[in-house]
Amino acid sequence: MRFLLVSALCLMVTPVVAQEAPPAFNKCLACHAIGEDAVNKVGPRLNGVVGRPVGSLDDYSYSQAMLAARDSGVEWNRQNLTRFFKLPKHFLPGTSMAFAGMTQRAEIDALIDYLASFDADGARIAP
Ligand code: HEC
């Protein structure tokens, strides 16, 4: 009985525990890091990216295309991230992100939820 109770509690608690990286994030890890120790790699670190202007880290060299988009006020809201992840070179012609894109909407949504769970310092935000 106690075992059952403990199991049930674990099930209830699991969704509150910080979400693990979705499988799709493996496609990004060659070039990106996220979290408290994240550094810029080939691509910029992704802490706090959801909701901020595109191309806005001071210590990363973005493409001219990304800087032009930033200067015209483009932000990484969910809609723009979705379009970028589907076809990066279509959303932002001239981007230096060498990634073909991904088609599955559920995969993209899970990815954005995961990115949104980190603040600008790489700390986890409660869901
Ligand atoms: C081959 C390397 C590579 C891969 C793979 C890659 N990226 Fe990128 N990413 C980059 C580069 C380089 C940039 C900067 C692009 C620019 O300046 O035009 C970038 C930019 C970004 C940005 C904009 C960041 C900002 O500060 O504005 C986001 C968001 C992003 N990538 C997310 C992802 C995600 C999520 C994946 C996996 C689905 C991914 N990237 C896969 C190299 C990569």
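Residues numbered from 1 in each chain as written. Predicted model: local features only at pLDDT ≥ 70, side-chain atom pairs only at ≥ 80, totals over all residues. Heavy atoms only, no water.

The protein chain appears in an unreviewed UniProt entry as Cytochrome c family protein from Devosia ginsengisoli.

S.K.: Is there a simple way to think about the site of the ligand in this case?
M.R.: Around the ligand, 27 residues are found, and the nearest of them are Cys28, Cys31, His32, Ser63 and Met97. In the environment of the ligand, an oxygen atom lies 2.8 Å from a nitrogen or oxygen atom belonging to the backbone of Gly55. In this structure, an oxygen atom belonging to the ligand sits 2.7 Å away from a side-chain N or O atom of Trp76. Among the elements that make up the shell around the ligand, the one with the highest residue count is helix α3 (residues 78-86) (three residues). Its residues assigned to classes, the shell around the ligand shows 19 nonpolar, six polar and two charged. (Near = heavy atom within 4 Å. Polar contact = N/O pair within 3.5 Å; in protein donor to acceptor, adjacent residues only side chain to side chain. Helix = DSSP H or I, 4+ residues; strand = E, 2+ residues; numbered from the N terminus. Nonpolar A, V, L, I, M, F, W, Y, C, P; charged D, E, K, R; others polar.)

S.K.: Would you mind going over the nonpolar core with me for this structure?
M.R.: Here is a general trend for soluble globular proteins: nonpolar side chains tend to be buried in one another's company. In terms of nonpolar packing, the biggest core is built from 28 residues, with Phe25, Trp76, Phe84 and Phe85 touching the most fellow members. Elements with a minimum of two residues in this core: α2 (64-71), α3 and α5 (105-115). No other element matches the five residues that α5 contributes to this core. Sequence-distant contacts of Phe25, defined by excluding residues within four places in its chain, comprise Ile34, Leu46, Leu111, Tyr114 and Leu115. (Core = buried A, V, L, I, M, F, W, Y, C linked by side-chain atoms within 4.5 Å. Buried < 20%, exposed > 50% of the residue type's maximum accessible area, 1.4 Å probe, protein only. Contact = heavy atoms within 4.5 Å.)

S.K.: What should I look at first to understand the coordination of the iron atom of the ligand in this one?
M.R.: A four-donor tetrahedral metal ideally has 109.5 degree angles, and a six-donor octahedral metal ideally has angles of 90 or 180 degrees. With distances of 1.9 to 2.1 Å, the protein atoms coordinating the iron atom of the ligand are His32 (NE2) and Met97 (SD). For the iron atom of the ligand, the six donor atoms are set out with angles of 85 to 178° between them, so the coordination reads as octahedral. Taken together, the positions of His32 in the loop between α1 (2-13) and α2 and Met97 in the loop between α4 (88-91) and α5 put the pair 65 residues apart, joining distant regions of the chain. The residues His32 and Met97 share a single accessibility class, namely buried. (Donors = N, O, S within 2.8 Å, 3.2 Å for Na, K, Ca; no water. Tetrahedral: all angles 85-135°; square planar, octahedral: opposite > 155°, others 65-115°.)

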